[in-house]
Amino acid sequence: MPSDDQLICPLCGQVHRHQPLAPGQRACCIRCEATLEERARLGPDAVLAFALAGVMLAIPAALLPFVTLVKVSAVRTSFLTDSFMGLWSHDMNALGFWVLCCGVLAPFALLLVLVAAVWAERRDTTGRFHQLRQLARFIEYWAMPEVQILGVMVAFFKLGDVVDVSIGPGLWCYAATSLFTLLAWRQFNLQPRTGWSVASAPVET
Amino acid sequence: MKRTIDTIHSSAVVPAALALSAVVMLAPAYTLPVMHLVFVGQAPSDTTIFSGIKQLWRQGLGILAAIVFTASFLVPLLKLAGLGWLVVAVWRGGEGQSRRLTRVYGLIDFIGRWSMLDVFLVAFLCGAVRFDALASVQPRAGILAFGGVVVLTMLATRAFNPRLLWREETRPA
């Protein structure tokens, strides 16, 4: 069990000792050179600001029209969750649920967990903060809003000749939510592992 | 000592099994159609991952074709090759290669999610293009297999413990 002033490399297991890091400074493992910690230029307030902005935009992203397609005189408006419905209605339930998880549930859940983690840190509940940090790391691995946006962009070009496509406000909000999710996660991930008040850097023991 | 080596070997069994399952799924993923397209005025057609890439290329969208080719073909193959290399290195003892192999692991972990591109693409088209007789897109079995490849490779990466690559260096004298 590592003590509070120790840092173990997640990739090679090398034990390091903390030293203060300046904002923007990065500490690497002396053995495998993996990044161990990086002190964010912005503080935890930035995580909260990005995450809350993402949460606020997530609601219109889910409720407003995502895209509108026109074929001859027929018009069809689709929403964010229609990707899931498209697979589900063709008996691909597991894949549909998987797409929903990676594209919608995990990114939105990540934002909520980040807000909760900042809140726990503010209230000095260190145990809860570490639990939420672990949960955020797990969720982030499966959250892929940026990949979904790229997939939708490629689909637009594929449809170019056969259907008229117009982007709805839901897609813009989803893109903004994705951006804020990435920014919030990046800032959160750059905070020192032992809590935001203890900036530290590893050196060889 | 034997028990330690057995433990190390068995630690790589789960990622090896998941990666092997993904290899098996590659064949249906690349050969079966991923979607069925119906557009009024055109003959209904099935699209595989490769025919989709070719279609983008013919439309003059070379950059997009390259992106989809990378995400849907190169990334899964590179991930599986990399995982195979890591597992073999753990079993055979990759002394002196630990740093390089750790970088390979980091790369596999980083690029893994981008293979989902084609799954999101097909899901979006199936959900959005639903004009009944005028135009529709329906998913086919290939996308299920390809989704399986993506999930299995991501699970295999997660199941692999990169610290196993450093056991030679950490072994007490």
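All values derive from a computational prediction rather than experimental measurement.

1. What to know about the overall build of chain A
Argument step 1. Broken down by element type, chain A carries six helices and eight strands.
Argument step 2. Across chain A, helices and strands are ordered from the amino to the carboxyl terminus as β-β-β-β-α-β-β-α-α-α-α-β-α-β.
Argument step 3. Going through the 205 residues of chain A one by one, you find that 51% of them count as buried.
Argument step 4. Looking at chain A alone, contacts between residues at least 24 apart form 63% of all its contacts between residues at least 6 apart.
Argument step 5. Accessible area for chain A stands at about 9500 Å²; split by element, carbon and sulfur atoms hold 62% of it.

2. Focus on the nonpolar core
Generally speaking, a soluble globular protein has its nonpolar side chains buried in company with each other.
Argument step 1. By size, the foremost hydrophobic cluster in this structure holds 96 residues, and its most contacted members are Phe39, Met116, Phe124, Leu125 and Val129 of chain B.
Argument step 2. With residues near it in sequence (within four places) discarded, Met116 of chain B still touches Trp98, Cys102, Met144 and Val147 of chain A together with Val150 of chain B.

3. Observations regarding the environment of Trp91 of chain B
Argument step 1. The topology assignment puts Trp91 of chain B in helix α4 (residues 62-92).
Argument step 2. Residue Trp91 of chain B is classed as partly exposed on the basis of its relative accessible area of 36%.

4. Focus on the packing of aromatic side chains
Here the distance between the centres and the angle between the planes together describe a pair of aromatic rings.
Argument step 1. Summed over the entire model, instances satisfying the criterion amount to 15 aromatic pairs over all chains.
Argument step 2. The interplanar angle of 50 degrees and the centroid separation of 5.3 Å between the aromatic rings of Phe84 of chain A and Trp88 of chain A together place this pair among those described as tilted. Here Phe84 of chain A pairs with Trp88 of chain A, and both are found in helix α2 (residues 82-88), just four residues apart, close to one helical turn.
Argument step 3. Residue class for Phe84 of chain A comes out buried when judged on its relative accessible area of 15%.
Argument step 4. On the basis of relative accessible area, Trp88 of chain A is assigned to the partly exposed category, the value being 38%.
Argument step 5. Through pairs of rings, three or more aromatic residues link up here, namely Tyr30, Phe50, Phe69, Phe73 and Phe146 of chain B.

5. Considering the packing of α4 of chain B against helix α5 (residues 98-111) of chain B
Residue and element names in this part refer to chain B.
Argument step 1. Between α4 and α5, the least distance of the axes is 10 Å, while the angle of their chain directions is 145 degrees. Along this stretch, α4 crosses α5, giving a crossing that reads as left-handed. Across from Val75, Lys79, Gly82, Leu83, Trp85, Leu86 and Ala89 in α4, the residues of α5 making contact are Arg100, Leu101, Val104, Tyr105, Ile108 and Ile111.
Argument step 2. Looking at the contact of α4 with α5, its residues break down into 10 nonpolar, one polar and two charged.

6. Thoughts on the confidence of the model for chain B
Argument step 1. Here chain B averages 86 in pLDDT, while 90% of its residues score no lower than 70.
Argument step 2. No element of chain B has a lower mean pLDDT than helix α1 (residues 2-11) of chain B, at 59, and none a higher one than helix α7 (residues 141-159) of chain B, at 94.

7. Looking at the interface of chain A and chain B
Argument step 1. Contacts between the two partners involve 53 residues from chain A and, on the opposite side, 53 residues from chain B.
Argument step 2. For the pairing of chain A and chain B, the buried interface totals around 4700 Å² over both sides, and the portion due to carbon and sulfur atoms is 73%.
Argument step 3. Among the residues chain A hides against chain B, the three largest losses belong to Arg31, Tyr141 and Lys158 of chain A. Together they make up 17% of the total.
Argument step 4. Run the count over chain A and chain B and you get four salt bridges.
Argument step 5. Put simply, Glu33 of chain A and Arg99 of chain B hold a salt bridge, and the shortest N to O gap is 3.0 Å.
Argument step 6. At the junction of chain A and chain B, the tally comes to 14 residue pairs in polar contact (both at pLDDT 80 or more).
Argument step 7. Broken down by element, the residue count for the side of chain A that touches chain B peaks at 12 residues, all from helix α5 (residues 145-159) of chain A.
Argument step 8. In terms of residue class, the side of chain A that touches chain B is built from 35 nonpolar, nine polar and nine charged.

Cut-offs and rules
Residues numbered from 1 in each chain as written. Chains lettered and ligands numbered in written order. Predicted model: local features only at pLDDT ≥ 70, side-chain atom pairs only at ≥ 80, totals over all residues. Heavy atoms only, no water. Helix = DSSP H or I, 4+ residues; strand = E, 2+ residues; numbered from the N terminus. Buried < 20%, exposed > 50% of the residue type's maximum accessible area, 1.4 Å probe, protein only. Contact = heavy atoms within 4.5 Å. Areas by Shrake-Rupley, 256 points an atom, 1.4 Å probe, with all protein chains shown as cover. Core = buried A, V, L, I, M, F, W, Y, C linked by side-chain atoms within 4.5 Å. Phe/Tyr/Trp six-rings, centres within 6.5 Å; stacked < 30°, edge-to-face > 60°. Axes fitted to C-alpha atoms, helices over the stretch in contact; angles between N-to-C directions. Left-handed = near helix turned anticlockwise from the far one by under 90°. Nonpolar A, V, L, I, M, F, W, Y, C, P; charged D, E, K, R; others polar. pLDDT = per-residue confidence, 0-100. Buried area = accessible area lost by both parts, 1.4 Å probe. Salt bridge = Lys/Arg side-chain N within 4 Å of Asp/Glu carboxyl O. Polar contact = N/O pair within 3.5 Å; in protein donor to acceptor, adjacent residues only side chain to side chain.

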